[in-house]
Amino acid sequence: MISSIPGLNPSFTRYATTDSGANMLKAMCLANEVSGSLKCIDHIFNTCVNKALEKSSLMEVIGLCKNLASLTHRSSLSQQKIRKACESVAVTYRKIVQPVQTRWNSLYACLVSIIAMKAPLLFVRENDEGTDLAKTIPDEFGFCKLEQIIRPLEDIRKASEALSAEDKPTIHLVLCYMMTLNNLQSKYGGLGKETMELCRVFVENLNQRVPNKGKNEYVQTDIQREMRTYIENTPRAESVEVDILQWWKNKERDFPCLAKYVRQILAIPATSAPSERVFSCGGNIMTAQRYQLSSQNLEMLIYIKQNFDKVLIAK
C-alpha cells in the first residue's frame, strides 16, 4: 500500500508513528514496507497523566469535575443556574468543557474552565444546597487542589501541543520536553502533597514507557565522528522555538553526512495527531447523509479540506 503512494521515493526510509495499542504494534510487525515505528509521544503523555490521577488523592475532586461537566452538558437547567450565579457575582459566564477520553488535554481544558467559574460555582453550591448540581461542585478545599495541579498539567499540555504540530519537524523536540517534564517534581513539588504525588507518579510512568528519556528510541546516532563534534561544539539553543530545518541547512557544510541523515529523522512526526486529524476530517465528511460517496471522492474531499489553506487564490 505504501509503495503505491504517488511521488513517494521508494528508496526513502519509512517510519510510522502509532499509539501503543496491541493491534497497531502487531500491524507494525507485519508491515514489511515500514523500516521502523515509534510510539506516539502524545499517547504516552496522556496515559501517564491518567495513571497519575488514578493513583493520587485527587480522584474524588476529579470525579466531581467530570460529573459537573457531564451534568451541565446535558442539563440546560443547570446551565441556567450557573448563568444566574455569574450575574450575582459579576463573572462572565464560561461554558464548562466536557472531557473526552479520546481527545488529549480535554481533561485539562475541563479543569481550566471549572477553575475560571470558581466564584459562581461556589455561589451555587452554597445557595442551592442539596440539588444534583450542588453535589457535583467541589468545595473551597477542592478548588485549592485544582489550582495547584493545573500548573504541572499546563506544562504537559504545552509539550503535547508542541509535539503534535503537523507543519514542522517535531521529533527533535522529544528529548527537550522529556528533560523538562522530568523536572516537574522539583519545579512544582512545593505546591502541596497532591501536586508532588501527581508529578512523581507521572514522571515514574513516563520513564517506564520512554526509558533513558527517549535517547534510545527517538534519538538515533550512527555517524560517530560528526556526532561527537556536533555534541561537543554546538551551543545550546535558548529555546525550542528554533527553525531546525534552516539551522541544518546552514550547517550542512560543517556536518555533510549528519545533515543527510537528519533529513530522514526530522521527517518522522513525534505523535500520530496529524493522521488522527485526517480521520476526524473524514468522519465529518462521510456523514449518514453522504454515505454513498465513493472512496475516490472522499479521498479528494479530505485532501482539499486539509490543504485548502495552503492554496494561494488570486484576487
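Residues numbered from 1 in each chain as written. Predicted model: local features only at pLDDT ≥ 70, side-chain atom pairs only at ≥ 80, totals over all residues. Heavy atoms only, no water.

1. Points about the overall build of the chain
Here is step 1: Along the backbone of the chain there are 16 helices and two strands.
Here is step 2: Per-residue burial for the chain yields a buried fraction of 37% across its 315 residues. (Helix = DSSP H or I, 4+ residues; strand = E, 2+ residues; numbered from the N terminus. Buried < 20%, exposed > 50% of the residue type's maximum accessible area, 1.4 Å probe, protein only.)

2. Brief notes about the nonpolar core
In a soluble, globular protein the nonpolar side chains are often hidden away together inside.
Here is step 1: Counting residues in hydrophobic clusters, the biggest one holds 66 residues, and the most contacted among them are Phe45, Leu146 and Phe202.
Here is step 2: The dominant element in this core, judged by the number of residues it contributes, is helix H8 (residues 140-163), at eight residues. (Core = buried A, V, L, I, M, F, W, Y, C linked by side-chain atoms within 4.5 Å.)

3. A closer look at the packing of aromatic side chains
Here is step 1: As enumerated under the stated definition, the model contains one aromatic pair in all.
Here is step 2: Aromatic pair tryptophan 247 and tryptophan 248: ring centres 5.1 Å apart, planes at 80 degrees, arrangement edge-to-face.
Here is step 3: Of the residues examined, tryptophan 247 reaches a relative accessible area of 24% and is grouped as partly exposed.
Here is step 4: Using a relative accessible area of 9% as the deciding quantity, one classes tryptophan 248 as buried.
Here is step 5: Above the plane of the ring of tyrosine 93 lies arginine 83, whose end atom (NZ or CZ) is 4.0 Å from the centre. (Phe/Tyr/Trp six-rings, centres within 6.5 Å; stacked < 30°, edge-to-face > 60°. Lys NZ or Arg CZ within 6 Å of the ring centre and 35° of its normal.)

4. Description of the side chain of histidine 43
Here is step 1: Position of histidine 43 relative to the elements: it lies in helix H2 (residues 41-54).
Here is step 2: Among all residues touching histidine 43, those that are not within four sequence positions of it are Asp19, Trp104, Ser272 and Glu276. (Contact = heavy atoms within 4.5 Å.)

5. Concerning the pattern of salt bridges
Here is step 1: All told, the structure shown has 11 salt bridges when counted by the stated rule.
Here is step 2: Of the charged contacts, one joins lysine 118 and glutamate 147 as a salt bridge, the two residues approaching to 3.3 Å between their closest N and O atoms. Here glutamate 147 lies in helix H8 and lysine 118 lies in helix H6 (residues 118-127), a separation of 29 residues in the sequence.
Here is step 3: The exposure class assigned to glutamate 147 is partly exposed, which follows from its relative accessible area of 33%.
Here is step 4: The salt bridge partner of aspartate 155 is lysine 187, with a shortest N-O separation of 3.0 Å. (Salt bridge = Lys/Arg side-chain N within 4 Å of Asp/Glu carboxyl O.)

6. Topic: unusual backbone geometry
Here is step 1: Positive phi, close to 60 degrees, is recorded for alanine 90, a residue that is not glycine.
Here is step 2: Relative to the helices and strands, alanine 90 resides in the loop between helix H4 (76-89) and helix H5 (106-116).

7. Concerning the side chain of threonine 136
Here is step 1: Within the secondary structure layout, threonine 136 lies in the loop between helix H7 (132-135) and H8.
Here is step 2: Given the relative accessible area of 10%, threonine 136 is considered buried.
Here is step 3: Residue contacts for threonine 136: discarding those within four places in its chain leaves Leu64, Asn67, Leu68 and Leu71.

8. Notes on the environment of aspartate 132
Here is step 1: In this fold, aspartate 132 is placed in helix H7.
Here is step 2: Residue class for aspartate 132 comes out exposed when judged on its relative accessible area of 57%.
Here is step 3: For the pair aspartate 132 and asparagine 67, spaced 65 residues apart in the sequence, the C-alpha separation amounts to 9.9 Å.

9. Focus: a nonpolar patch on the surface
Here is step 1: Side chains of Tyr303, Ile304 and Phe308 sit close together on the surface and give an oily, nonpolar patch of about 370 Å² of accessible area.
Here is step 2: Locating phenylalanine 308 in the fold gives a position in the segment after helix H16 (295-307). (Patch = residues over 30% accessible without salt bridge, like charges linked within 9 Å, V, L, I, M, F, W, Y side chains within 5 Å. Areas by Shrake-Rupley, 256 points an atom, 1.4 Å probe, with all protein chains shown as cover.)

10. Here we look at H5
Residues lying three or four places apart along an α-helix face the same way, a consequence of the helix completing one turn every 3.6 residues.
Here is step 1: The buried fraction of H5 amounts to eight of the 11 residues, a majority that puts the element mostly inside the structure.
Here is step 2: Of the residues making up H5, those classed as buried are Ser106, Leu107, Tyr108, Cys110, Leu111, Ser113, Ile114 and Ile115.
Here is step 3: Looking at the buried positions of H5, the neighbouring elements they touch are H2, helix H3 (59-74), H6 and H8.

11. Section: the packing of H2 against helix H11 (residues 193-209)
Here is step 1: Put simply, H2 and H11 touch, their axes get as near as 8 Å, and they point 140 degrees apart. Taken together, H2 and H11 sit at an angle that is classed as oblique. In this structure, H2 crosses over H11, and the sense of that crossing is right-handed. Residues Ile44, Phe45, Thr47, Cys48, Val49, Lys51, Ala52 and Leu53 of H2 form the contact with H11, whose participating residues are Leu198, Val201, Phe202, Asn205, Leu206 and Arg209.
Here is step 2: Looking at the contact of H2 with H11, its residues break down into 10 nonpolar, two polar and two charged. (Axes fitted to C-alpha atoms, helices over the stretch in contact; angles between N-to-C directions. Parallel < 35°, antiparallel > 145°, perpendicular 65-115°, else oblique. Left-handed = near helix turned anticlockwise from the far one by under 90°. Nonpolar A, V, L, I, M, F, W, Y, C, P; charged D, E, K, R; others polar.)

12. What about the environment of lysine 168?
Here is step 1: Relative to the helices and strands, lysine 168 is located in the loop between H8 and helix H9 (174-181).
Here is step 2: Judged by its relative accessible area of 47%, lysine 168 is partly exposed.
Here is step 3: Taking the C-alpha atoms as reference points, lysine 168 and proline 269, 101 residues apart in sequence, are found 8.8 Å from one another.

13. What to know about the packing of H6 against H8
Here is step 1: Between H6 and H8, the least distance of the axes is 11 Å, while the angle of their chain directions is 155 degrees. The angle between H6 and H8 places the two elements in the roughly antiparallel class. Where H6 crosses over H8, the two elements pack in a sense that is right-handed. Counting all contacts with H6, which are made through Lys118, Leu121 and Leu122, the residues of H8 involved are Glu140, Phe143 and Glu147.

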